[in-house]
Amino acid sequence: MISGVLYRCTFGHREVVRCEPPDAWPVKRYPGLICKQCGAFLYPAELDGVRDLKTIFYMFATCPHAYQCQTNGYYAAECEEPYHITPRCLSLVMRVSTGARARGLYR
């Protein structure tokens, strides 16, 4: 019998999704569910406190760089649109490359 699973997004919205949840959530990439309220990715609320935020981003975010953007204040719901590059993405690249250059990692 298919039941509802409580999911939440990184902005705190909650949504019940009708699906058959797995017995466990091994660390792997899962197809993206998107929050109807804001467009950010959804993840099972039961993983709060079980998995760290970096792992949750790896498992459920569409963009593979979403966690780096989140930690630097650049993540937004539009990051979950497929093949979507924003000025935020380029700002993060510039910030990281400038920091690496300042540390002498490359010229």
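A.B. asks: Describe in detail the sheet that holds strand β2 (residues 14-19), supporting the description with residues and values.
C.D. replies: Spatial ordering of the open sheet is given by β2-β1-β3, a layout of three strands whose pairing is antiparallel. Of all the strands in the sheet, the pair left with one neighbour each is β2 and β3 (42-44). Each neighbouring strand pair of the sheet contributes to a mean axis angle of 45°, computed without reference to strand direction. The pairing of strand β1 (residues 3-9) with β3 spans three bridges and is classified as antiparallel. When the sheet's bridge partners are listed, R8 is paired in β3 with Y43.

A.B. asks: Now, about the state of the cysteines: what can you tell me, with residues and values included?
C.D. replies: Overall, the coordinates contain zero disulfides when judged by the stated rule. Of all cysteine sulfurs, the one in C35 lies closest to C38, which takes part in no disulfide; the gap is 3.8 Å.

A.B. asks: I'd like to hear about the layout of surface pockets, residue by residue, with values.
C.D. replies: The calculated volume of the largest pocket comes to roughly 280 Å³. For the largest pocket, the lining is made up of 15 residues, of which C63, H65, H84, I85 and C89 are closest to its centre. It is helix α3 (residues 87-102) that provides the largest number of residues to the lining of the largest pocket, a total of four residues. Residues belonging to the lining of the largest pocket are distributed by class as follows: 11 nonpolar, three polar and one charged.

A.B. asks: So, the nonpolar core: which residues are in play, and what are the values?
C.D. replies: Of all hydrophobic cores here, the largest spans 26 residues; its most connected members are Y7, W25, F41, F60 and Y75. Among the elements that make up this core, the one with the highest residue count is helix α1 (residues 53-60) (four residues). When near neighbours in sequence (up to four residues on either side) are disregarded, W25 contacts Y7, Y30, P44, E46, L47, R51, M59 and F60.

A.B. asks: I'd like a description of the packing of aromatic side chains, backed by residues and values.
C.D. replies: Tallied over the entire structure, the rule returns nine aromatic pairs. Both rings, one in F11 and one in Y75, keep their centres 6.0 Å apart while their planes meet at 20°; by these two values the pair is stacked. Here F11, found in the loop between β1 and β2, pairs with Y75, found in the loop between α2 (66-71) and α3; they are 64 residues apart in sequence, far enough to count as distant. With a relative accessible area of 7%, Y75 lands in the buried category. On the basis of an interplanar angle of 85° and a centroid distance of 5.4 Å, the ring pair of F57 and Y75 is categorised as edge-to-face. Placement of F57 in helix α1 and of Y75 in the loop between α2 and α3 is noted, with a sequence separation of 18 residues between them.

Definitions and cut-offs
- Residues numbered from 1 in each chain as written.
- Predicted model: local features only at pLDDT ≥ 70, side-chain atom pairs only at ≥ 80, totals over all residues.
- Heavy atoms only, no water.
- Pairing = 2+ DSSP bridges.
- Helix = DSSP H or I, 4+ residues; strand = E, 2+ residues; numbered from the N terminus.
- Axes fitted to C-alpha atoms, helices over the stretch in contact; angles between N-to-C directions.
- Disulfide = S-S within 2.5 Å.
- 1 Å grid on protein atoms, 1.4 Å probe; cavity = no way out; pocket = protein on both sides within 12 Å on 5 of 7 lines; lining within 4 Å.
- Points joined across faces, edges and corners; volume = space filled by probe spheres on them.
- Nonpolar A, V, L, I, M, F, W, Y, C, P; charged D, E, K, R; others polar.
- Core = buried A, V, L, I, M, F, W, Y, C linked by side-chain atoms within 4.5 Å.
- Buried < 20%, exposed > 50% of the residue type's maximum accessible area, 1.4 Å probe, protein only.
- Contact = heavy atoms within 4.5 Å.
- Phe/Tyr/Trp six-rings, centres within 6.5 Å; stacked < 30°, edge-to-face > 60°.

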